[in-house]
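# Coordinates in review
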Amino acid sequence: MNKYYSWLILAALIIVVAILPKPLVISPTASVIVTILLGIALVWVLVLTIRGHLIGRRVVFLFIGASLTLPFFMNFEMPIKVSPEVKILYDALAKLPPGSKVLAAFDYDPPSAPELQPQADAFMAYAFKHDLKVIIMGLWPQGPQQANMSIDKVLQYPEIRAKNPKYGVDYVNLGFQSGNEFVIQRMGSSFRGMFPRDIYNTDYDKIPLLNGVENFSNIDFVFNLSSGYPGTVEWVQIAVDRYGVKVGAGNTAVQAPSVYPYLSSRKLTGLAGGMSGAWQFEQATQQPGKASTYVLPQTFSHTVVIAFIIIGNAALMVSYRRSKRGEA
Amino acid sequence: MDGAVISTWLAALLTLGIMSFVYKDNLYYKICEAIFIGISAGYWFITYFWDSLYRIAWIGVVHEGRYVLLGGVVLGAMMLMRLFGKIGWIARWPLAFIVGATAGLKMMVYFTTNAMAQIHGTVDDTMVAFGGGDLYDLIGRLVILIGTVTGLIYFYFSKEHKGLFGGVAKVGTWFLMITFGASFGYTVMSRMSLLLGRIEFLLTDWLKLVK
Amino acid sequence: MLALLRIAKSIVFISSLLFVISILPTHSVYSRDTSPSSSDLGPITVRAFDTDNDAGGSITVEWDDPGYERLSGFAGFLVWRTNTLTGTSDSVEVTPFGTRTYDDRSVSDDSTYSYSVAALVNGERLMSTPSMQVRSSKQWFDGRLTWVLILGLIICGAVIYFIESAKRGTKLFLRRIAGLEAIDEAVGRATEMGRPILFVAGIQDMDDVQTIAGLTILGSIARTVAEYDTKINMPVRASLVMTAARETIKHAYVTAGRPDAYNDDMVHYVTDEQFGFVAAVDGIMVRERPAACFFLGAFFAESLIMAETGNSIGAIQVAGTAMPAQLPFFVAACDYTLIGEELFAASAYLSGEPRQLGSLKGADVGKAIAMIVILVGVIATTIASAWNSESMLWIENLLRQMFSTG
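Residues numbered from 1 in each chain as written. Chains lettered and ligands numbered in written order. Predicted model: local features only at pLDDT ≥ 70, side-chain atom pairs only at ≥ 80, totals over all residues. Heavy atoms only, no water.

## A word on the sheet that holds strand β2 (residues 59-63) of chain C
Residue and element names in this part refer to chain C. Here we have three strands laid out as an open sheet, ordered β1-β2-β5, and antiparallel in their pairing. With partners counted over all chains shown, the strands left at the sheet margins are β1 (46-50) and β5 (101-104), one partner each. Strand-to-strand, the axes of this sheet are offset by a mean angle of 20°, without reference to chain direction. Alignment of β2 against β5, held across four bridges, turns out to be antiparallel. Within the sheet, the bridge partner assigned to I59 lies in β5 and is D104. (Pairing = 2+ DSSP bridges. Helix = DSSP H or I, 4+ residues; strand = E, 2+ residues; numbered from the N terminus. Axes fitted to C-alpha atoms, helices over the stretch in contact; angles between N-to-C directions.)

Put into structure tokens, the structure is as follows:
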């Protein structure tokens, strides 16, 4: 019977999805009601737990799923405060005069795209709008492709389409190079040595933007998007410490805590960490994008996680009490 | 049906397959897992082949005459020697080269960036806090100072953790645990973001429920 | 009472002084009304020299301003460069207000240059006389890093000293790492239950020292495994790790006198793709249900996924990594975690290998130096700022200089 239950639920879900209006938008009043219902359900789980009925992990998954899905249809405005780390990053970009050369290192792959792609989009849009020259590279094989996706997207923005940035003049994609931090080390003396050709196999010397770009001395700022190794840590350790270039970074939330020490030692010029960092970066650069749509579901899910931490602790106390009684 | 629709459906079905692990391990998940592993292994093989063997070794050496790259090619070939039982020991030489070169590069950068710059930063921050700044700032920097010193004591292996030394190390453990808690919070955010990315894909590109 | 009166008097005096200073018409000092005209001003003196402590390709230009910045209509200083070998000249940069120095990083070490600086006033260029000829060059020794060299030598010296001591048989004291008992317990439990052990040495290659530490501990575990005849399963993400791990386990089986029981399939390559690897390890855990899982090495985002799955199948789990971002998950989801350097300490402790023991003791010297410097620095700063002590200020500045890395 249990087996048929799950199939029935699945079939019902398919029917509901099929008959729902597309796109689905819930009115603000309905959004408030849904939020209150979610809150009541959580309180009910807490009460159940205190009474000694422990819930299964699938219920937790269900709540997380609901908290991540429902807000997509809701209509709420979220207040925003740009953190000092993101502000430093934005200020560093804002200080660059038009024509400055920015090296954008895309060191991540599709699994980390939800957190880093919004930052990439915001950065590319900002760079094109403010006439910064962007040199793209990747220490991760899929990084330069992520960059191209981002460029394709921002080139559709009317303001940027009007500017019509040209490949080879306003931006260039040097592609991936294997060798991890050794690539950065070698770039300290010669970019050409590491990237004799760009991603489309054009010779380095035939690309107008790269005229006079020998090494980090000719780069005004490095923007690194990183989700692990090699990434921001390596850029700071080599590009900043050895070659004195300024590096700002966008990181996945998992990675962000490990680069915070570089902020306090002032080796890293600004950091946008995870989805909230991406959202703040979008706000600071005034390029609202995907992160701004993600932020409501993210907030809901965080609230649910906090609620379950409380519920989990209640469950722990209940089991302590039970074991004490058992001992007695 | 055009290519985009097929690829969206394929991506959606594979996403759901991997997500089904949340319910329990099942055949659908196993199929998706096998596809993922197979494709990723193939992808890496192709990437390395075109990027390292073709772009660097073949074009670099044969077409551009950068014979210095031959050194790398030879080391790479030596690495493959472990396929041949008796001369398998040759594979250790390129390994030694990699370990040695990385250690050389990393020793310096870790020493300057992770050790010296951090010590400088800790002392400097305290100087700044004493020189001016508000009370919260001062407290914040003092916490960093105490955390750094007690953390170092926790990782000091030449003395048993007993008496006063043990007590200070215990404070270090507390600092570590609080740091881990903060870090955990960040990761919850990261995991939610990844899931969010997939849910958004399902709702927007696949089901068209969100614009 | 008298002292209080004196303090009150000084406060009144200082306050009045501050008040007078605050109402002084400060703007008159730089008033444009009284500014000289460009003809009144002397020439700009320019000095160009090779930038110190660099890898060449850079010349620093410095100039003094006889007062052009105060002229109305001043737009900036233009740095003008002449390649004295080819005779070609070009403008390099217009510097912003208040700048008296420019680092020209677009020069070649093969040419000589001379520089002029022009004040741009009302569209006119008031050019200085050219500087002396100068050529950029690279320096073999970066003077700013002298203290890095000295401190590096002290720590490396300590490492070598301790390694040599250990080799000579001196017993080096290392505190017992609590996690080591947990490792033995986990292997014991797997044996009792007749279920396999899962070992993951991180997801990095052999060039990461954490992988090497993981494999050293694997050696010790594999010896116990061989003695008890327990099964071990080790999926790897990097091919080099596979070879090294196979050799480690083989060696352990030979040492335990069970070479026949060793099998290459104990260690198997999965994929280089991070999450592909995780999916596979998760699959193995759920299907084979190992009694004990070891995660010892460098981990990234996969740490929690693996540790959570291991937890859900009820395996006893021991983890160890020096990746700060991943430690929280291991601490939360595993039975015991070797935190950071404890991984290396455990590896050194288990192997008793002089090089590992010596490195750890040498690193302890580094930590002792760091603690002393931080504490002395902070005390010196406190005293210097509270009592204006010159000697403390000197210590503070010395430390600042010592630990500055450019």
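## Some points on the confidence of the model for chain A
The predicted model of chain A averages 91 in pLDDT, with 98% of residues at 70 or higher. Averaged pLDDT values over the elements of chain A bottom out at 84 in helix α1 (residues 2-19) of chain A and peak at 97 in strand β1 (residues 101-107) of chain A. (pLDDT = per-residue confidence, 0-100.)

## Remarks on helix α3 (residues 57-69) of chain A
Residues and elements named next belong to chain A. Taking 1.5 Å per residue as the helical rise, α3 with its 13 residues ought to reach 18 Å, and the 18 Å between its terminal C-alpha atoms agrees with that figure. Inspection of α3 places F63, I64, S67 and L68 among the buried residues, and these make up the whole buried set. Relative to the axis of α3, the buried residues are bounded by an arc of 130° and lie together on one face. (Expected span 1.5 Å × (residues − 1). Buried < 20%, exposed > 50% of the residue type's maximum accessible area, 1.4 Å probe, protein only. Arc of directions from axis to C-beta.)

## Remarks on the packing of helix α5 (residues 113-129) of chain A against helix α12 (residues 274-284) of chain A
Residue and element names in this part refer to chain A. At a minimum axis separation of 8 Å, α5 and α12 run at an interaxial angle of 15°. The orientation of α5 relative to α12 falls into the category roughly parallel. Considering the relative orientation of α5 and α12, their crossing is left-handed. Every residue of α12 that contacts α5 at P114, E115, P118, Q119, A122 and F123 is listed here: G274, M275, G277, A278, F281 and E282. Its residues assigned to classes, the contact of α5 with α12 comprises seven nonpolar, three polar and two charged. (Parallel < 35°, antiparallel > 145°, perpendicular 65-115°, else oblique. Left-handed = near helix turned anticlockwise from the far one by under 90°. Contact = heavy atoms within 4.5 Å. Nonpolar A, V, L, I, M, F, W, Y, C, P; charged D, E, K, R; others polar.)

## With respect to the state of the cysteines
Residue and element names in this part refer to chain C. Considering all chains together, one arrives at zero disulfides over all chains under this definition. Lacking any disulfide linkage, C293 is separated from the closest cysteine sulfur, that of C334, by 8.3 Å. Of the residues examined, C293 reaches a relative accessible area of 0% and is grouped as buried. (Disulfide = S-S within 2.5 Å.)

## Re the environment of T170 of chain C
As for its placement among the helices and strands, T170 of chain C is situated in the loop between α2 (146-167) and α3 (179-193). As for T170 of chain C and P354 of chain C, which are separated by 184 residues in sequence, their C-alpha atoms are 9.8 Å apart.

## Quick look at the sheet that holds strand β3 (residues 74-83) of chain C
All names here are of chain C. Pairing within the open sheet is antiparallel, and its four strands lie in the order β4-β3-β6-β7. Edge strands, defined here as strands with exactly one partner in the open sheet, are β4 (89-95) and β7 (124-127). Going from strand to strand, the sheet's axes swing by 30° on average, the running direction of each strand aside.

## Considerations on the nonpolar core
Counting residues in hydrophobic clusters, the biggest one holds 61 residues, and the most contacted among them are F199, I221, I232, M234, I249 and F294 of chain C. Residue contributions to this core reach at least three from each of two domains, namely domain 2 (143-168 + 357-402) and domain 3 (179-352) of chain C. Ranked by size, the runner-up nonpolar core spans 39 residues in total, among them M187, L209 and A249 of chain A together with V109 of chain B. (Core = buried A, V, L, I, M, F, W, Y, C linked by side-chain atoms within 4.5 Å. Domains from an automatic or database assignment.)

## Some details on helix α2 (residues 27-63) of chain B
Residue and element names in this part refer to chain B. Where α2 bends most, at Y54, the angle is about 35°. Measuring from the backbone nitrogen of Y28 back to the side-chain oxygen at the start of α2 gives 3.0 Å, which picks out N26 as the cap. A positive phi of about 65° marks G65, the residue just after α2. (Bend = angle between axes of the 7 residues up to and from the residue. Polar contact = N/O pair within 3.5 Å; in protein donor to acceptor, adjacent residues only side chain to side chain.)

## Brief notes about the confidence of the model for chain B
Residue and element names in this part refer to chain B. The pLDDT averaged across chain B works out to 86; a share of 96% of its residues lies at or above 70. At the low end of the mean pLDDT range in chain B sits helix α4 (residues 92-131), at 79; at the high end sits helix α1 (residues 3-19), at 92. This complex was scored by the predictor with a pTM of 0.78 and an ipTM of 0.85.

## Considering the interface of chain B and chain A
At the interface, 48 residues of chain B touch 62 residues of chain A. Taken together, both faces of the contact between chain B and chain A bury some 4,700 Å²; the carbon and sulfur share is 62%. Looking at the side of chain B facing chain A, the largest losses of area belong to R55, L196 and L209 of chain B, adding up to 14% of the total buried there. Inspection of the region where chain B meets chain A yields three salt bridges. Linking chain B to chain A there are 18 residue pairs in polar contact (both at pLDDT 80 or more). When contributions to the side of chain B that touches chain A are tallied by element, the ones reaching two or more residues are α2, α4 and α6 (163-206) of chain B. Counting residues per element, the side of chain B that touches chain A draws most heavily on α6 of chain B, at 16 residues. Residue classes in the side of chain B that touches chain A are distributed as 24 nonpolar, twelve polar and twelve charged. (Buried area = accessible area lost by both parts, 1.4 Å probe. Salt bridge = Lys/Arg side-chain N within 4 Å of Asp/Glu carboxyl O.)

## Here we look at unusual backbone geometry
Residues and elements named next belong to chain A. Following K22, the chain continues to P23 via a peptide bond in cis, the omega torsion being -5°. Here P23 lies in the loop between α1 and α2 (28-50). Here the phi dihedral of D131 falls at roughly 55°; this positive angle occurs in a residue that is not glycine. With respect to the secondary-structure elements, D131 resides in the loop between α5 and β2 (133-138). Of note in the backbone geometry, N164 takes a positive phi value of approximately 50° without being a glycine. Structurally, the position occupied by N164 is in the loop between α7 (158-163) and β3 (171-176).

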